[in-house]
Amino acid sequence: MILTLSGIGVSDGIAIGKVHVLSTGELELPEHHLEKSELEAEVERLRRAVKRAEQRLQDVEQGIQQVESDPARELLQTHRLMIKDDALVGQAIRWIRSEQINAEWALDRQSAALRREIERIEDDYIAHRVEDLDQVVRLLQQELGQQPSPVLDQRVPHQLADTIIMAKQLSPAELALLQQRQVAGLITEHGGIWSHSAIVARSLGIPMVMAVHHGRRLLRENEPIILDSHYGVVLATQDDRLHAHYAEKRSHALRNRNQFQRYLAAPNRTRDGERFQLFANAELDTELVRAIQNDSAGVGLMRTEFMFSFDELTDEEGQYQAYCNALDILGGKPLTIRTLDIGTDKLPRELRRMHGPNPSLGLRGLRMSLSMQEIFQVQLRAILRASLHGPVRILLPMLTRVEEVHQARIVVSACREQLQVRGIRPDPDIPIGGMIETPAAALMIDPLVRELDFISIGTNDLVQYVLAVDRQDELVSHLFTPSNRAVLLLLDQVVRAGRKHDRPMQVCGEMAGDPKLVRLLLGLGLNEFSLPPAHMAEIKANLTQAHADRCRKALQSFLNADDDEDGQQLIEALVSNH
Ligand code: PEP
Ligand code: MG
């Protein structure tokens with residue numbers, strides 16, 4: 001008999017093992033009033049809980065060793081900062097003293113207030129802050145009640161190599177600890193693909209399926225199961241043949257991964273001898289190091305949204321340090337820094353009053369930078385200063401009009417003058433390029449490209465805006481088809497204009513890192529791709545086996561015909577085109 005449960009696969013890989021069901025009893029949260037004489041002892045109790053929770057997070061963080069696990073470490077650091085944050089603990093202490101209530105109650109009250117404030121902002125990135133807040137508060141409440149998490153308290157078995165944990169939910173700290181004990185796989189009843197725990201599972205390489213409803217009731221302790229995190233399924237079965245089949249699938253995937261690595265040393269040429277270059281989409285140190293290890297030609301896209309933290313933007317010095325650090329790691333290879341591509345919803349509190357109803361069509365990207373020039377100038381000064389340390393290019397996001405490039409160039413000149421007053425003379429020829437990611441930019445590519453030193457095609461947004469399909473909306477994700485005729489026609493127009501004006505062109509959207517789609521780009525005549533370092537080996541293997549001329553011919557005949565609206569047959573023809 002097979003019991004099949006489905007959920008959301010949030011990482012890649014297959015795990016085979018026995019279930020350990022983690023029973024996390026509901027926390028008891030007493031609420032009561034205190035005498036005046038008891039208040040300071042209560043404050044002290046909360047402070048001690050904060051210290052213990054912090055120590056636990058620190059222990060977990062120290063146990064993380066792999067280079068790939070930086071997102072995990074970063075999240076743990078975020079949690080450690082939040083646990084001491086005055087907005088949470090400081091205010092809870094003030095509640096204890098002013099309202100004469102116990103610590104659990106004060107914490108609950110303050111976290112509810114913070115949650116309400118965060119939830120008012122309709123934005124995915126901010127939504128994760130609720131998740132962080134909940135996890136931090138849960139940790140504190142566990143410490144207050146002397147009921148620490150069974151994982152952090154090390155109550156789960158020590159050797160987990162053949163164990164798949166089934167839990168209601170898991171925090172990034174718990175995940176990191178389980179990985180240190182070599183857990184085979186994880187299942188939770190809650191969570192989604194963009195949750196922080198999912199990001200950590202991917203970064204730590206743990207097969208994980210989330211949102212398996214009632215999993216703890218349906219799976220029995222110690223029963224053998226198979227977890228396929230690519231498809232988001234869990235199979236509870238004793239069937240030997242099925243186990244053997246998945247074991248073979250798992251070793252096949254491992255062999256494939258090792259095989260791709262071998263291609264990294266090969267020359268960057270297609271089967272018929274055309275050159276191509278692979279750049280990295282990278283901003284974290286670990287990604288930059290990986291990009292260099294994978295022989296990338298440089299960074300084609302450094303997103304700078306990470307400069308935004310919970311409530312403030314990094315200042316000029318902090319940004320300058322971050323860019324110089326990236327340049328140091330790149331050791332002379334070019335760094336393309338994209339200026340902030342966030343909307344007002346992600347800005348510090350005092351600027352959020354400009355928040356509009358639809359962030360993806362609102363004041364985002366360069367539009368925001370141009371209307372909040374102080375922030376823009378801080379960033380440009382930091383970039384210009386960094387240009388003295390290595391080759392830097394500036395990339396402007398979300399262009400829709402030529403006028404925006406003119407305005408941006410004026411601000412760059414102003415920043416250059418400000419620096420000259422300070423005795424700093426940045427690279428006078430720093431290239432300024434633009435993201436082609438809106439239909440207007442693609443349609444007006446001729447005048448636009450004349451004003452730009454290079455272009456970078458952002459297929460994620462371009463597909464979203466051309467097809468009117470929200471890239472974050474699961475209900476329409478089947479309609480998000482980068483191979484759609486409308487998209488390819490527009491890309492063809494962009495590439496022709498870029499070539500006519502002899503501008504360097506690259507693609508930095510996810511299409512460039514997708515083995516099924518990259519040959520479409522090759523067929524369009526593109527040969528510079530910027531993609532996550534983790535995908536580099538596979539894409540390189542794919543391109544070195546492709547026949548560029550055949551891809552081009554297949555693409556042109558597709559564009560000249562008018563069937564196969566979504567380009568599915570074209571993709572299949574190109575995938576098998578060696
Ligand atoms: C894109 O839109 O393709 C892109 C690379 O930018 P982002 O994904 O950051 O919007
Ligand atoms: Mg974009």
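For every chain, the first residue of the written sequence is number 1, and numbering continues from 1 onward in sequence order. Lettering for chains starts from A, numbering for ligands starts from 1, and both go in the order in which the items are written. Local features in a predicted model are, by the rule used here, given only for residues with pLDDT of at least 70; side-chain atom pairs are given and counted only at 80 or more, and totals for whole chains, interfaces and linings are based on all residues. Hydrogens and water molecules were not included; the side-chain quantities draw on all heavy atoms of the structure.

The helix count covers DSSP runs of H or I at least four residues long, the strand count covers runs of E at least two residues long, and both are numbered beginning at the N terminus. Per the secondary structure count, the protein chain includes 22 helices and 16 strands. Taking the principal axes of its C-alpha atoms as reference, the protein chain extends roughly 80 × 70 × 40 Å. With 578 residues in all, the protein chain has 53% of them scored as buried. For accessible areas, the Shrake-Rupley method is used with a probe of radius 1.4 Å. Any residue's cover is judged against the shown protein chains and nothing else. Accessible surface, the protein chain as shown: approximately 26100 Å² in total, 50% of it carbon and sulfur. Positive and negative side-chain charges of the protein chain, numbering 66 and 82 respectively, have mean locations separated by a distance of 3 Å. Each residue is placed in one exposure class: buried if its accessible area under a 1.4 Å probe, protein chains only, is under 20% of its type's maximum, exposed if it is over 50%, and partly exposed if it falls in between. In this tally, Asp and Glu contribute negative charge and Lys and Arg positive charge; neither His nor the terminal groups of the chain are included. Charge positions come from single atoms, namely NZ of Lys, CZ of Arg, CG of Asp or CD of Glu.

To continue, consider the domain arrangement of the protein chain. All domain edges in this entry derive from an automatic or database-based domain assignment. As far as domains go, the protein chain holds domain 1 (3–24 + 159–240), domain 2 (36–144) and domain 3 (272–575). Taken over C-alpha atoms, the centre of domain 1 sits 35 Å from the centre of domain 3.

Every axis in this analysis is a line fitted to C-alpha atoms, fitted for helices over the stretch in contact. Angles between the N-to-C directions lie between 0 and 180 degrees. As a packed pair, helix 6 (residues 172–180) and helix 7 (residues 196–204) sit with axes 9 Å apart at the nearest point and diverge in direction by 25°. By the angle between their axes, helix 6 is roughly parallel relative to helix 7. For the pair helix 6 and helix 7, the sense of crossing is right-handed. Along its contact with helix 6, which presents P172, L175, A176 and Q179, the element helix 7 presents H196, S197, V200, A201 and L204. Nonpolar residues are Ala, Val, Leu, Ile, Met, Phe, Trp, Tyr, Cys and Pro. Charged residues are Asp, Glu, Lys and Arg, and all others, Gly as well, are polar. When the residues that make up the contact of helix 6 with helix 7 are grouped by side-chain class, the tally is six nonpolar, three polar and no charged. Angles below 35 degrees are treated as roughly parallel, those above 145 as roughly antiparallel, those between 65 and 115 as roughly perpendicular, and all remaining angles as oblique. The crossing is said to be left-handed when, going from far helix to near helix, the turn is anticlockwise and less than a right angle, and right-handed when the turn is clockwise. What makes two residues a contact is simply this: any of their non-hydrogen atoms within 4.5 Å.

Moving on, we get to the nonpolar core. Residues L491, L520, L521, L526 and F529 are the most contacted members of the largest nonpolar core, which totals 84 residues. Non-local contacts of L491, meaning those with residues more than four positions away in its chain, are made with I457, L462, M511, L521 and L524. Within this scheme, the nonpolar core is defined by two criteria: the residues are buried Ala, Val, Leu, Ile, Met, Phe, Trp, Tyr or Cys, and they are joined through side-chain atoms within 4.5 Å. Judged by nonpolar contacts, the second largest core, of 52 residues, contains L39, A49, A72 and A201.

A few words on the pairing of strand 9 (residues 277–281). With respect to burial, strand 9 is a largely interior element, four of its five residues being buried. Two strands qualify as a pair provided DSSP detects at least 2 bridges between them. For strand 9 and strand 16 (residues 528–531), the ladder comprises four bridges, and the chain directions are parallel. Bridged to F279 within strand 16 is S530. Summarising the sheet, strand 9 and strand 10 (residues 299–302) pair through two bridges and their orientation is parallel. In the sheet register, N281 faces strand 10, and the bridge partner there is L301. Handedness rule for crossovers: strands pointing away from the viewer, path from the first strand over the helix to the second running clockwise, crossover right-handed. Between the parallel elements strand 9 and strand 10, the chain passes through helix 10 (residues 285–293) in a crossover that is right-handed.

For the rest of this paragraph, the subject is the pattern of salt bridges. Where charged atoms of side chains with opposite charge meet at close range, the side chains can pair. Every case where a carboxyl oxygen of Asp or Glu lies within 4 Å of a side-chain nitrogen of Lys or Arg is listed as a salt bridge. Enumeration according to the criterion identifies 28 salt bridges in this entry. With its nearest N and O atoms 2.9 Å apart, the salt bridge here joins E40 to R97. With E40 in helix 1 (residues 39–63) and R97 in helix 3 (residues 86–99), this pair connects stretches of sequence that are 57 residues apart. With relative accessibility at 46%, the residue E40 sits in the partly exposed group. Here E248 and R255 are joined by a salt bridge, their closest N and O atoms 3.3 Å apart. Residue R255 is classed as partly exposed on the basis of its relative accessible area of 45%. Within the structure, one salt-bridge network assembled from shared partners comprises E316, E317, R381, R385 and R422.

As a further point, take the packing of aromatic side chains. To pair, rings of Phe, Tyr and Trp, with the six-membered ring standing in for Trp, must have centres within 6.5 Å; the planes then decide the type, stacked if under 30 degrees apart, edge-to-face if over 60, and tilted in the middle. One pass over the full model with this rule turns up zero aromatic pairs. Here the basic side chain of R109 rests over the ring of W95, its NZ or CZ set 4.3 Å away from the ring centre. A positively charged side chain is recorded as over a ring if its NZ (Lys) or CZ (Arg) lies within 6 Å of the ring centre. The angle to the ring normal must also be within 35 degrees.

The next subject is the coordination of the magnesium ion (ligand 2). Donor atoms from the polypeptide that coordinate the magnesium ion (ligand 2) comprise E437 (OE) and D461 (OD), at 2.0 to 2.1 Å from the metal. Here D461 lies in helix 17 (residues 459–467) and E437 lies in the loop between strand 13 (432–436) and helix 15 (439–443), a separation of 24 residues in the sequence. Judged by its relative accessible area of 2%, E437 is buried. Note: metal donors comprise N, O and S atoms at 2.8 Å or less from the metal (3.2 Å for Na, K and Ca); water molecules are not included, so apparent gaps in a site are possible.

Moving on: the site of ligand 1. It suffices for a single heavy atom of a residue to lie within 4 Å of a molecule or strand for the residue to be listed as near it. If you check the shell around ligand 1, you find 13 residues, and the closest are R303, R338, G458, N460 and R471. Throughout this description, a polar contact denotes any pair of N or O atoms lying within 3.5 Å of each other; where both atoms belong to protein, one of them has to be capable of donating a hydrogen while the other can accept it, and for residues adjacent in sequence the pair is counted only when both atoms sit in side chains. Taking E437, its side chain carries an N or O atom lying 3.0 Å from an oxygen atom of ligand 1. For ligand 1, an oxygen atom lies 2.8 Å from a polar atom in the backbone of N460. Against a free-state accessible area of 290 Å², the protein chains account for coverage of 95% of ligand 1. It is helix 17 that contributes the most residues to the shell around ligand 1, three residues altogether. Residues of the shell around ligand 1, tallied by class, amount to three nonpolar, four polar and six charged.

Here eight strands make up an open sheet; going across it, the order is 1-8-7-3-4-5-6-2 and the pairing mixed. If you trace the sheet from one side to the other, it starts and ends with strand 1 (2–6) and strand 2 (8–9), each paired once. Here strand 4 (residues 163–167) pairs with strand 5 (residues 185–188) via four bridges, running parallel. Its bridge partner lying in strand 5, I164 is registered against G185.

Now for the packing of helix 11 (residues 316–330) against helix 13 (residues 373–386). It is the contact of helix 11 with helix 13, at a shortest axis distance of 8 Å, that shows an interaxial angle of 35°. The hand of the helix 11/helix 13 crossing is right-handed. Mapping the contact onto sequence places E316, E317, Q319, Y320, Y323, C324 and L327 in helix 11 and V378, Q379, R381, A382, I383, R385 and A386 in helix 13. Along the lines of polarity and charge, the residues of the contact of helix 11 with helix 13 split into eight nonpolar, two polar and four charged.

Take helix 9 (residues 240–263) next. An α-helical segment advances 3.6 residues per turn. Residues three or four places apart therefore align on the same side. The span expected for a helix works out to 1.5 Å for each residue beyond the first. For helix 9, which comprises 24 residues, the first-to-last C-alpha distance of 36 Å matches the rise-based estimate of 34 Å (1.5 Å per residue) to within 8%. Among all positions of helix 9, only L242, H243 and Y246 are buried. Residues of helix 9 that are buried sit in contact with strand 1, strand 3 (14–21), strand 7 (224–228) and strand 8 (233–237). Measuring from the backbone nitrogen of R241 back to the side-chain oxygen at the start of helix 9 gives 2.8 Å, which picks out D239 as the cap.

All right, on to unusual backbone geometry then. Of note in the backbone geometry, A211 takes a positive phi value of approximately 55° without being a glycine. Along the polypeptide, A211 turns up in the loop between strand 6 (208–210) and helix 8 (215–218). Exposure remark for A211: the relative accessible area of 13% places this residue in the buried category. The phi dihedral of D295 falls on the positive side, at around 60°, and the residue is not glycine. With respect to the element layout, D295 can be found in the loop between helix 10 and strand 10.

Those residues of helix 22 (residues 568–575) lying buried are L570, I571 and L574. For helix 22, the angular spread of buried residues about the axis comes to 100°, placing them on one side. Opposite its buried face, helix 22 presents the exposed residues Q569 and E572, each directed more than 90 degrees away. Packed against the buried residues of helix 22 are helix 18 (485–500), helix 19 (518–523) and helix 21 (548–560). What the arc covers is the set of directions going from the helix axis to the C-beta atoms.

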